[in-house]
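Spelled out from the first residue to the last, the chains are:
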Amino acid sequence: METRIKTLGDEVSRYKISNRDEAEQFRLKFLSKKGLIHILFEEFKTIAPEKRRSVGKILNELKTSAEIKLAEWHEREETEKTRQAPSSYTPDLTLPPYPFDLGARHPVSIVKKRITDIFLKIGFTISEGPEIEDDWHNFGALNFPEDHPARDMQDTFFIDFAVEGVPARNSYLLRTHTSSVQVRVMESRKPPIRTISPGRVYRNETISARAHCQFHQVEGLYIDKGVSFADLKQTLYYFVRELFGEHTGIRFRPSFFPFTEPSAEMDISCIICGGAGCNVCKHSGWVEILGCGMVHPKVLENCKIDSYVYTGFAFGTGVERIAMMLYGIKDLRLFYENDIRFLSQFRSAL
């Protein structure tokens, strides 16, 4: 039987198919229910069990080669028909060309640029830094003592990897705020310092309509001789009224941050309901948009700046939160879903 299979295999490989009739004759002769290969499969049932493995293998290979040969001819025939078929489309050369469909900037990018432009007008520079940060720049230099409860305010993504000479345990992390960039600026530059640090930050939070594990911040820092809380308030008054309008209400509330003292949070009147009360402002008429305060003397000393000579203020705001206010967006997750229906609304803001 093995000899018959080999002989039939040679016949399949030599068979020439040049038209549809020959393809049909090939199918009937080898692959139909009355074809030669089917007859061999019927005879295969009667051979001795010890030979079935070897015979079955070459018999299946014969059937596969015949099916491939027939399929290749049908594929060539379809390709040839497509190539030779006359086109039914006649272009109208008098029509204008297709318009170039411009994309849209992401709303977070739009708002971040608006914020940075406001501070660039009053002499701030832009500083950037790494998103993978060490514990010192993200926590230690900012007056977060080890094991201090203040570290629990920010759920952190720690990165453990082995580096020669560096302790592996929680040495590196995804930055939780862009204050780490401000530390690098204070370490590398002498006052006066006036800079903002826009960038992406990460916190281990459950994703919901009001929170995400990654978001964007713009943080500001001003250090010089004689800087006071009044300078901080006037700077933020200017920022809010440039961004939200002259009639926006503003208030400061005492708060706590390890790297500022005194510390405050700043609220603005809800621009969605005009202060009347709605779901966005939780019917209070006010929405918190940033935290701020005077730079803690320990932070200055950690960065080798004399706290008896220099003072400064710092502030930080979330870009997504401001974008939600400006555009009336009620679900933070929309910024990250890449839904063209949502993003196309911002083409006019290019």
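Scope of this entry: the structure provided in the associated data block. Model, not experiment: these values are computed from the prediction. Here the residue numbers are simple positions, counted from 1 along each chain's written sequence. Local features are withheld for residues below a pLDDT of 70 in this predicted model, meaning they are given only at 70 or higher, and side-chain atom pairs are given and counted only at 80 or more; totals for whole chains, interfaces and linings count all residues. With hydrogens and water set aside, each side-chain value is computed from the structure's full complement of heavy atoms.

**Observations concerning helix α8 (residues 229-244)**
Compared with an ideal rise of 1.5 Å per residue, which puts 16 residues at 22 Å, α8 spans 22 Å between its outermost C-alpha atoms and is within 8% of the ideal. For this analysis, residues touch if any pair of their heavy atoms sits within 4.5 Å. Strands here mean DSSP runs of E at least two residues long; helices mean DSSP runs of H or I at least four residues long; both are numbered from the N terminus. Packing partners of the buried residues in α8 comprise α5 (107-120), β7 (250-257), β8 (260-269), β9 (286-295), β10 (311-318) and α10 (319-327). Two residues or fewer past α8, G245 is found with a positive phi of approximately 120°. The span one expects for a helix is its residue count, reduced by one, times 1.5 Å.

**Brief notes about the sheet that holds β10**
In this description, strands pair whenever DSSP reports at least two bridges between them. Taken in spatial order, the seven strands of this open sheet run β1-β5-β6-β10-β9-β8-β7, and their pairing is mixed. Among the strands making up the open sheet, the edge pair consists of β1 (125-126) and β7. The axes used here are C-alpha line fits, helices contributing only the stretch in contact, and every angle between their N-to-C directions lies in the interval 0 to 180 degrees. Helix α7 (residues 179-188) contacts β5 (193-202), β6 (214-224) and β10 of the sheet and is inclined by roughly 30° relative to β6.

**Let's talk about the packing of helix α1 (residues 2-14) against helix α3 (residues 36-44)**
In contact at an axis separation of 11 Å, α1 and α3 are set at 165° when each is read in the N-to-C sense. One way to sum up the angle between α1 and α3 is to call them roughly antiparallel. The two elements α1 and α3 meet at a crossing, and its hand is left-handed. Along the contact surface, α1 presents R4, I5 and L8, while α3 presents L36, I37, L40 and E43. The class makeup of the residues in the contact of α1 with α3 is five nonpolar, no polar and two charged. Here the word oblique covers every angle except those under 35 degrees (roughly parallel), over 145 (roughly antiparallel) and from 65 to 115 (roughly perpendicular). In this scheme, a crossing is called left-handed if the near helix is turned counterclockwise away from the far one by less than a right angle; it is called right-handed if the turn is clockwise. Following the grouping adopted for this structure description, the nonpolar residues are Ala, Val, Leu, Ile, Met, Phe, Trp, Tyr, Cys and Pro, the charged ones are Asp, Glu, Lys and Arg, and the polar ones are all others, Gly among them.

**Some remarks on unusual backbone geometry**
P191 connects to P192 through a cis peptide bond whose omega is 5°. Mapped onto the elements of the fold, P192 is located in the loop between α7 and β5. Across the junction of E261 and P262, the peptide omega takes the value 0°, indicating a cis bond. Its location among the elements puts P262 in strand β8. Positive phi, normally seen in glycine, also occurs at N143, with a value near 70°. Inspection of the secondary structure puts N143 in the loop between α6 (135-138) and β3 (158-159). A positive phi angle, close to 65°, is found at K304, a residue other than glycine.

**Considerations on the pairing of β8**
Counting buried positions along β8 yields eight of 10 residues, so the element is predominantly enclosed. Sheet topology note: the β7/β8 ladder contains seven bridges and is antiparallel. When the bridges of β8 are listed, S255 appears paired with S263. From the end of β7 to the start of β8, which pair antiparallel, there are two residues. Here β8 pairs with β9 via eight bridges, running antiparallel. Bridging across to β9, A264 finds its partner in C292. For each residue, the accessible area found with a 1.4 Å probe, counting protein chains only, is set against the maximum for its type, and the residue is called buried under 20%, exposed over 50%, and partly exposed in between.

**Some words on the nonpolar core**
Nonpolar cores were defined as sets of buried Ala, Val, Leu, Ile, Met, Phe, Trp, Tyr and Cys residues, with membership established by side-chain atoms within 4.5 Å. The biggest cluster of nonpolar side chains holds 42 residues, and the ones touching the most others in it are I115, F239, V240, F244, F315 and F335. When residues of this core are traced back to their parent elements, those giving at least two are α5, β6, α8, β8, β9, β10, α10 and α11 (340-343). With near-sequence residues (within four places) excluded, F239 lies in contact with I115, I118, F119, L290 and I322. Core analysis: the second largest hydrophobic core is formed by 21 residues, L221, F257, L300 and A314 among them.

**Some remarks on the layout of surface pockets**
By volume, the largest pocket is sized at about 1300 Å³. Elements supplying a minimum of two residues to the lining of the largest pocket: α7, β6, β8, β9, β10 and α10. For the lining of the largest pocket, the element with the highest residue contribution is β9, accounting for nine residues. The way it works is a 1 Å grid over only the protein atoms, where trapped points that fit a 1.4 Å probe form a cavity and open points with protein on both sides within 12 Å along at least five of seven lines form a pocket, and then any residue with an atom within 4 Å of a point lines it. Grid points are joined across faces, edges and corners, and a volume is the space filled by probe spheres set on the points.

**Here we look at the environment of T79**
Its location among the elements puts T79 in helix α4 (residues 49-84). For the pair T79 and V183, spaced 104 residues apart in the sequence, the C-alpha separation amounts to 65 Å. The definition of a polar contact used here is a pair of N or O atoms within 3.5 Å, where within protein one atom must be able to donate a hydrogen and the other to accept one, and adjacent residues in sequence count solely through side-chain atom pairs. A distance of 2.9 Å separates a polar atom in the side chain of T79 from the backbone oxygen of E75.

**A closer look at the packing of α5 against α8**
In contact at an axis separation of 10 Å, α5 and α8 are set at 135° when each is read in the N-to-C sense. With respect to α8, the axis of α5 lies oblique. The crossing of α5 and α8 is right-handed. Residues R114, I115, I118 and F119 of α5 form the contact with α8, whose own contacting residues are T235, Y238, F239, E242 and L243. Broken down by class, the residue content of the contact of α5 with α8 amounts to six nonpolar, one polar and two charged.

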